[in-house]
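# Observations on the model geometry
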Amino acid sequence: MDAATMRQRALAAKAAGDDGGAAQLFAAGLAAHPTDAAFANSAGNFHAGAGRPETALTLFDRALLLAPGLHEAAINRAVVLTRLGRATEAAAYLRERAADLSAAPRYWTVRAAAELTSGETGAAAASYDEALRRDPTNVRARIGRARAGLERGEDRAVDDHERALSASPGDPNVLLGYAQALDAAGRSAEALIVSEALATQLTGWTEGLELHARLRWARGDGDAFADHYVAAVKAAREPGVYRSWAAMLAGVDRQSAAADVLSAARRFWSADSDLALAEAIAAGEAGDDARAWALFDGHRRDEPAWQVAEARQRLREADPLAADELLEAAVRAAPGDVTGWGLRDLCWRLLGDERHTWLHGQPGVIQTVPLDLSDEQVTSLRALLDRLHDRSGMPVGQSVKHGSQTRGALFARPEPEIALIANAVTRALETYRAGLPPSDPSHPLLRYRDKPWLINGSWSIRLDGAGHHAPHIHPHGILSSAAYLAVPSQVLDQGGQGRLELGRPPAELRVDLPPIATIAPQVGLCALFPSTLFHGTRPISAGRRTTVAFDVTAAG
């Protein structure tokens, strides 16, 4: 049977819903026609669409080995790399092949999507612009350009979303971005109208429900900020909607209410272990130990997420030895579990275990590095950040108390002041790296000492009056930070206020440990420390404190 016929039969089986039969036919075709690059590409498309990206990538690589000039396979390869979380690699690959691929119809939108996913928002915006220059009717490029502009904080983001809605009327993702763009532009009342429509009409879509909750919280709706979930769970009885509701409540320290929402969900899905785990966590955070233990004992699973959650509960009840045994198993299975390592540090400190010194006490793992910015540059940057904060509110689910946090990725913004601090931070990171102890493959930070680092997330916090950060941890980084741009005079005069505390546990853990280090705020100073280290700030009594913060991850 020739390759074309085998392909047609395989696609017919797929269209009929026979995934297994289609897979067998594609496998037979690959065996019968091992040098047919187009067939390998078709098989890759089938497996990509069926949710098997690793298999698809192997087949696209096979097609390109047979026919390096097969443009469709090259672009498909980049799509799958992006889906696999390798967007930086995908974008670099497409840029390398720009000379022979740039005329292909999908090239610029696929490249832009990879750049946007990898955080290269400026490059993504330029690629979408090129796609639209070549084809002004390209709906995908129109939508992507609006998203890139939103993430970059561009003034044109509202207009771009309106153009995208003209091209794709009613698209919920574009409407979501439109509401975010309106809010960022200071048009919060209009943003709420859009988000309310999404929450009312798409009751099972958690992204819309959560945006509406965040906008209502920022408006000051207080205890009522998430009451739209009441109608949502009635209209769309799905466990994910209940989990979303609970997460919003927990994000504003209403842990008991979150636990009750999850308990209500478990009446419909009693066997859902994710709901049971979420309720156990919320009950423990709320101080209801008996309820938490009933859930652990009735649903416990030998998995890192359960082990870390139970370890938190055992720490609350003054059993660090049992907690550490659970955490040892958790980080063995998931060596990059930042929360697991952070809790182990607390166990070791309570137990007098010298491994605490290995984890967080080695010289150089906590540093302060001056940012090479002039006074004029700091003043200009602070003025820009004040304008952004004037349109921002206290976020849901973050450590900020009595303050505001900027939206999106700060370092992706196009203003020259942002580029200055982003570059200064990059230089500070290299200074920090040079002062670290030697590489250590078993250490959660030092294993990455000599590997490339990437900034993953950047934002600014402005604290006013009694503002502070509750002790917390950053679970998606290897290195965390605080760069000071404005410090109230009483913080400078009265040494204790506003200090960054490293190593003090959050109050809900009920662990009485002091910080292992404190850092006095100073304009132009950047504090850098492992993400595995709990950190928070002492409240200020008056004035304003402005910081820029970011997380660092390792590339590859």
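The present account deals with the structure reproduced in this document. It should be emphasised that the depicted structure is a prediction, and the values quoted were computed from it without experimental measurement.

### As for the overall build of the chain
- A tally of regular secondary structure across the chain gives 26 helices and 9 strands.
- For the chain, buried positions account for 52% of its 556 residues.
- Considering only contacts in the chain between residues 6 or more positions apart, those separated by 24 or more positions represent 62%.
- Total accessible area on the chain stands at roughly 23,800 Å², and carbon and sulfur atoms take up 52% of it.
- Averaging the coordinates of the 59 positive side-chain charges in the chain and doing the same for the 68 negative ones gives two points 3 Å apart.

### Some details on the nonpolar core
- Grouped together as the largest cluster of nonpolar side chains are 44 residues, with contacts concentrated most on Phe26, Leu30, Phe39, Val80, Leu94, Tyr107 and Tyr128.
- Once you skip the residues sitting within four places of it in the chain, Tyr128 turns out to touch Thr109, Ala112, Ala113, Leu116, Arg140, Ala141, Gly144, Arg145 and Ala148.
- Among the nonpolar cores identified, the runner-up in size contains 34 residues, and Val365, Leu371, Leu381 and Ala554 belong to it.

### A look at a nonpolar patch on the surface
- A contiguous nonpolar surface patch, about 260 Å² in accessible area, is contributed by Leu321, Leu350 and Leu351.
- For Leu321, the position within the fold is in helix 21 (residues 320-333).

### Focus: the packing of helix 5 (residues 71-83) against helix 6 (residues 87-96)
- In contact at an axis separation of 7 Å, helix 5 and helix 6 are set at 160° when each is read in the N-to-C sense. By the angle between their directions, the pair helix 5 and helix 6 is classed as roughly antiparallel. The handedness of the crossing between helix 5 and helix 6 comes out as left-handed. Contact residues: Ala74, Arg77, Ala78, Leu81 and Thr82 in helix 5; Ala87, Glu89, Ala90, Tyr93 and Leu94 in helix 6.
- When grouped by side-chain class, the residues that make up the contact of helix 5 with helix 6 number 7 nonpolar, 1 polar and 2 charged.

Conventions adopted
Residues numbered from 1 in each chain as written. Predicted model: local features only at pLDDT ≥ 70, side-chain atom pairs only at ≥ 80, totals over all residues. Heavy atoms only, no water. Helix = DSSP H or I, 4+ residues; strand = E, 2+ residues; numbered from the N terminus. Buried < 20%, exposed > 50% of the residue type's maximum accessible area, 1.4 Å probe, protein only. Contact = heavy atoms within 4.5 Å. Areas by Shrake-Rupley, 256 points an atom, 1.4 Å probe, with all protein chains shown as cover. Lys, Arg positive; Asp, Glu negative; His and termini not counted. Charge placed at Lys NZ, Arg CZ, Asp CG, Glu CD. Core = buried A, V, L, I, M, F, W, Y, C linked by side-chain atoms within 4.5 Å. Patch = residues over 30% accessible without salt bridge, like charges linked within 9 Å, V, L, I, M, F, W, Y side chains within 5 Å. Salt bridge = Lys/Arg side-chain N within 4 Å of Asp/Glu carboxyl O. Axes fitted to C-alpha atoms, helices over the stretch in contact; angles between N-to-C directions. Parallel < 35°, antiparallel > 145°, perpendicular 65-115°, else oblique. Left-handed = near helix turned anticlockwise from the far one by under 90°. Nonpolar A, V, L, I, M, F, W, Y, C, P; charged D, E, K, R; others polar.

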